[in-house]
Amino acid sequence: MPPENTTWPGHQAFLDKARVFDDADPLASFRERFHMPPRGEEACLYFTGNSLGLQPVGASDIIQGELEDWRKYGVEAHFEGRRPWVSYHKEATHDLAAIMGAQPREVVAMNALTVNLHLLLISFYRPEGRRTKLMIEAGAFPSDRYAALSQLRLHGLDPEENLIELAPREGEHTLRTEDITDRIAAEGDRLACVMLCGVQYYTGQWMPMAEVTAAAHAVGATCGFDLAHAAGNVPLQLHDWKVDFACWCGYKYLNGGPGCTAGAFVHERHAQKPELPRLEGWWGHAESRRFKMEPDFDLMPGAEGWQTSNAPVMNMAALLASLAEFRAAGMDRLRHKSIALTAFLEEGIMAVAQDTGDTLEILTPSDPDARGCQLSIVAHGHGKALFEHLTENGVIVDWREPAVIRMAPVPLYNSFADVARFLGILDDGLRRDT
Ligand SMILES: *Cc1c(COP(=O)(O)O)cnc(C)c1O
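Reading guide: rules and limits
Residues numbered from 1 in each chain as written. Predicted model: local features only at pLDDT ≥ 70, side-chain atom pairs only at ≥ 80, totals over all residues. Heavy atoms only, no water. Helix = DSSP H or I, 4+ residues; strand = E, 2+ residues; numbered from the N terminus. Buried < 20%, exposed > 50% of the residue type's maximum accessible area, 1.4 Å probe, protein only. Contact = heavy atoms within 4.5 Å. Areas by Shrake-Rupley, 256 points an atom, 1.4 Å probe, with all protein chains shown as cover. Lys, Arg positive; Asp, Glu negative; His and termini not counted. Charge placed at Lys NZ, Arg CZ, Asp CG, Glu CD. Patch = residues over 30% accessible without salt bridge, like charges linked within 9 Å, V, L, I, M, F, W, Y side chains within 5 Å. Salt bridge = Lys/Arg side-chain N within 4 Å of Asp/Glu carboxyl O. Near = heavy atom within 4 Å. Polar contact = N/O pair within 3.5 Å; in protein donor to acceptor, adjacent residues only side chain to side chain. 1 Å grid on protein atoms, 1.4 Å probe; cavity = no way out; pocket = protein on both sides within 12 Å on 5 of 7 lines; lining within 4 Å. Sits in = over half its atoms within 2 Å of the grid points. Nonpolar A, V, L, I, M, F, W, Y, C, P; charged D, E, K, R; others polar. Axes fitted to C-alpha atoms, helices over the stretch in contact; angles between N-to-C directions. Parallel < 35°, antiparallel > 145°, perpendicular 65-115°, else oblique. Core = buried A, V, L, I, M, F, W, Y, C linked by side-chain atoms within 4.5 Å. Domains from an automatic or database assignment. Phe/Tyr/Trp six-rings, centres within 6.5 Å; stacked < 30°, edge-to-face > 60°. Pairing = 2+ DSSP bridges.

*Asks:* Summarise the overall build of the protein chain; cite the residues concerned and give the values.
*Replies:* A count of helical and extended segments in the protein chain gives 14 helices and 17 strands. Its C-alpha atoms give the protein chain principal-axis dimensions of roughly 75 × 60 × 35 Å. Per-residue burial for the protein chain yields a buried fraction of 58% across its 434 residues. Contacts in the protein chain between residues at least 24 apart in sequence constitute 71% of all its contacts with a sequence separation of at least 6. For the protein chain, the exposed area adds up to about 17900 Å²; of that, 52% sits on carbon and sulfur atoms. Taking the 40 positively charged and 60 negatively charged side chains of the protein chain as two groups, their mean positions are separated by 4 Å.

*Asks:* Residues and numbers for a nonpolar patch on the surface, please.
*Replies:* A cluster of nonpolar side chains, contributed by Phe79, Trp282, Phe291 and Met293, occupies part of the molecular surface with about 470 Å² of accessible area. Residue class for phenylalanine 79 comes out exposed when judged on its relative accessible area of 53%.

*Asks:* So what about the site of the ligand? Which residues, and what values?
*Replies:* Close contacts around the ligand come from Leu113, Thr114, Phe141, Asp144, Asp226, Ala228, His229, Tyr251 and Lys252, and that covers them all. At 3.2 Å, a side-chain N or O of histidine 229 approaches an oxygen atom of the ligand. Between an oxygen atom of the ligand and a side-chain N or O atom of tyrosine 251, the distance comes to 2.5 Å. Considered on its own, the ligand offers 390 Å² of accessible surface; in the complex 83% of this is hidden by protein. Taking a 2 Å distance to the grid points as the criterion, the majority of the atoms of the ligand fall inside the largest cavity. When its residues are assigned to classes, the shell around the ligand shows four nonpolar, two polar and three charged.

*Asks:* Tell me about the packing of helix α1 (residues 11–23) against helix α14 (residues 416–432), residues and numbers included.
*Replies:* In the contact formed by α1 and α14, the axes pass within 8 Å of each other and the chain directions differ by 170°. By the angle between their axes, α1 is roughly antiparallel relative to α14. Contacts between α1 and α14 involve His11, Phe14, Leu15, Ala18, Phe21 and Asp22 from the former and Phe416, Ala417, Ala420, Arg421, Leu423 and Gly424 from the latter. Split by residue class, the contact of α1 with α14 holds eight nonpolar, two polar and two charged.

*Asks:* Account for the nonpolar core, naming residues and giving values.
*Replies:* Ranked by internal contacts, the top residues of the largest apolar core, which has 73 residues, are Met100 and Leu227. For this core, the element with the highest residue contribution is helix α11 (residues 313–329), accounting for 10 residues. Residue-level mapping places this core at the junction of two domains, with at least three residues from each of domain 1 (11–56 + 330–433) and domain 2 (62–328). Judged by nonpolar contacts, the second largest core, of 35 residues, contains Ile362, Leu386, Leu390 and Met407.

*Asks:* Describe the packing of aromatic side chains, listing the residues and the values that go with them.
*Replies:* Throughout the structure, instances matching the rule amount to 16 aromatic pairs. For the pair phenylalanine 124 and tryptophan 306, a centre-to-centre distance of 6.0 Å together with 20° between the ring planes defines the contact as stacked. You can see phenylalanine 124 sitting in helix α5 (residues 113–124) and its partner tryptophan 306 sitting in the loop between β12 (263–266) and α11, a full 182 residues away along the chain. With a relative accessible area of 2%, tryptophan 306 lands in the buried category.

*Asks:* Would you mind going over the sheet that holds strand β7 (residues 133–137) in detail, with residue names and values included?
*Replies:* The seven strands lie next to each other as β6-β12-β11-β10-β9-β7-β8, forming an open sheet whose pairing is mixed. Each edge of the sheet is formed by a strand with only one pairing partner; in this case those strands are β6 (107–109) and β8 (163–166). Put simply, the sheet's adjacent strands are angled 15° from each other on average, direction ignored. Sheet analysis places strand β10 (residues 222–226) next to strand β11 (residues 245–248), joined by three bridges and oriented parallel. Paired with aspartate 226 across the strands is cysteine 247, a residue of β11. This element, α5, spans β7, β9 (191–197), β10, β11 and β12 of the sheet and lies at about 170° to β11. Of the strands in this sheet, β7, β8 and β9 are in contact with helix α8 (residues 177–187), which crosses β8 at around 160°.

Take a look at the structure:
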């Protein structure tokens, strides 16, 4: 990697500053708790924790432990295992609740993200009479839009009339709070459910979740969030914000590994509502009598009542290793570092743009309260050659045509030095690609 010998005169100042910040970082040692993928002799510069979080060093022991219990006990590991499989999902509950700002009985680890989104929409998107509309954001992650459209069709509703896709103002990239809440108020009793992302995957905007929830409730609609890019990234208070439902995946900022078990949140006030329609399965049946194999469904209270199947143990094992790191680091300290790390990247991008004369536009809001760690950067006038330069120099970022770099400096395992080195490589790449 050619890090410290760029032609950019300002680079040394960023490298020096990074050293000072890293020396003072109380979370610096957490980097050693994750496997940074190698590029040749060195570690790469990994900025795609928003897509797939890195492997926790502790994952291997936990997975090996489950394999061993399977070898030793067979089916009896459901009760005899070191982490009994029958209640395996509960191993994640307390840590997930802390990350989500929820009561333990409001969260459950289960299924995959889009599956959970469907299960929750079945319960919380209940079009009736005039109240039929479902609101999402324009440019939503495709899976969420597909889920929304198919839910509308499930109710026999025309998406043209019943799907609202909130778009930013002309010439803007992100949604203004008042535009969201005004639109919700304007839809009034036509609106059944608001289902936005927590942090938008493309722009990195952190939605004003508390305000959106309050606005939805004021018109009698339910409100839920897809937290794929928010979980483990920004501090959440789902309980206090009175969010009705939420779901997330385990493999992005939560570092649970590919296909990791996802999660769901259902607010306590919906904990005991057998009348709420849902798709039922035996894992949502009263726990104490589950193995009596009774023919009639007896609902478990809380988020666990939305479970259908038994816990996917292997898909959750690595997540437990990562959650232990979150517990040790704490969301408050992670957020504190995250704000500084992303501000450092932002300052660096501006300095690089000034040095090379390029227009580097940041789509992500500059207000820390309106973003997590990700920045989405447009390198105007550049193309794939810039991306290839980054890749050749060991930088892993997400690239979208024409020239959008989405990158996430993750406070658990990225350092200020990672960012400073990236800036040098970016500066070089921009100079070469003209
Ligand atoms: C990553 C992501 C998904 C992926 O869905 P899976 O069900 O986990 O495959 C869906 N929605 C959003 C907003 C995402 O960011």
